[in-house]
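# Per-entry structural report
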Amino acid sequence: MPSKIRRDDTVIVTAGKNKGTQGNVRRSIPDKNRVIVEGVNIIKRHLRNDPGLAQSGIVEQEAAIHVSNVQLICTECNEPTRVGFRSLEDGRKVRICKKCNETID
Ligand SMILES: [Zn+2]
C-alpha cells in the first residue's frame, strides 16, 4: 500500500494542539504511519553539555505526528481532502483527491 502522505506535501493538522496549522511534510515515516510536519509539534530537547557536541543547551525540533491527525491539501482544489488511489494503465498507482477526483501526483 503506497503511503497517502509524502514528503513535500502540504497538509493541515486536524487534531491536537496544532489543529488548523498548515505545513509542509519534511519527512514521512510510513512504517510507523507518522509524518514530520514543518512547524508542527515542536518539542524542546535538552542536550547535555558534552564537549564532543558542537551544540549544547536546548534545541527545538519537530516531533512526528500520526498521519490520521493530518489531511492532505489538494493541489488542484486547495481543500483538505482524503486521499484515494487509482491505478493507471501502465500499472502505476497514483493518488487522487476524493473531493475533486483529480490526480495529485
Ligand atoms: Zn482536490
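Please read all numbers here as calculations on a predicted model, not as lab measurements. (Residues numbered from 1 in each chain as written. Predicted model: local features only at pLDDT ≥ 70, side-chain atom pairs only at ≥ 80, totals over all residues. Heavy atoms only, no water.)

## What about the nonpolar core?
Core analysis: the biggest nonpolar cluster contains 14 residues, and Ile5, Val11, Val35, Val37, Ile65, Val70 and Leu72 have the highest contact counts within it. Listed by contribution, the elements that provide at least two residues to this core are strand E1 (10-13), strand E3 (34-37) and strand E7 (70-73). Those residues in contact with valine 37, other than ones at most four positions away along the chain, are Val11, Gly23, Asn24, Val25, Arg26, Glu62, Ile65 and Val70. (Core = buried A, V, L, I, M, F, W, Y, C linked by side-chain atoms within 4.5 Å. Buried < 20%, exposed > 50% of the residue type's maximum accessible area, 1.4 Å probe, protein only. Helix = DSSP H or I, 4+ residues; strand = E, 2+ residues; numbered from the N terminus. Contact = heavy atoms within 4.5 Å.)

## Let's talk about the sheet that holds strand E2 (residues 22-29)
Ordered in space as E6-E3-E2-E1-E7-E8, the six strands form an open sheet in which the pairing is antiparallel. Two strands lie at the open edges of the sheet, namely strand E6 (65-66) and strand E8 (80-81), each paired on one side alone. By the bridge criterion, two bridges tie E3 to E6 in an arrangement that is antiparallel. Residue pairing across strands places arginine 34 opposite histidine 66, the latter belonging to E6. (Pairing = 2+ DSSP bridges.)

## Some thoughts on the pattern of salt bridges
Taken as a whole and judged by the stated rule, the model has seven salt bridges. Close ionic contact of glutamate 60 with lysine 44 constitutes a salt bridge, the shortest N to O distance being 3.6 Å. Pair noted here: glutamate 60 is in strand E5 (residues 57-62) and lysine 44 is in strand E4 (residues 42-47), with a separation of 16 residues, a long-range link. Just as glutamate 60 is exposed, lysine 44 falls in that class too. Taken together, the salt bridges that share partners define one network made up of Arg6, Asp9, Arg95 and Asp105. (Salt bridge = Lys/Arg side-chain N within 4 Å of Asp/Glu carboxyl O.)

## Overview of the confidence of the model for the protein chain
Interpretation of this model should avoid reading the predicted coordinates in detail wherever pLDDT is low. Considering every residue of the protein chain, the mean pLDDT works out to 92; 91% of them sit at 70 or more. By mean pLDDT, E4 is the weakest element of the protein chain at 87, and E1 is the strongest at 98. (pLDDT = per-residue confidence, 0-100.)

## Side note on the side chain of arginine 95
Inspection of the secondary structure puts arginine 95 in strand E10 (residues 93-97). Side chain to side chain, arginine 95 and aspartate 9 meet in a polar contact 2.8 Å long. (Polar contact = N/O pair within 3.5 Å; in protein donor to acceptor, adjacent residues only side chain to side chain.)

## Some remarks on the environment of asparagine 69
Along the chain, asparagine 69 turns up in the loop between E6 and E7. Taking the relative accessible area as the measure of exposure, asparagine 69 reaches 27% and is therefore partly exposed. Sequence spacing of asparagine 69 and asparagine 101 is 32 residues, and the spatial spacing of their C-alpha atoms is 22 Å. Excluding anything up to four places from it in sequence, asparagine 69 contacts Ile12, Val13, Thr14 and Ala15.

## With respect to the pairing of E1
Relative to E2, E1 is paired through three bridges, and the arrangement is antiparallel. Within E2, the position partnered with valine 11 by the bridge is glycine 23. In this sheet, E7 lies alongside E1 in antiparallel orientation, the contact comprising three bridges. Looking across to E7, one finds that valine 11 is bridged to leucine 72.

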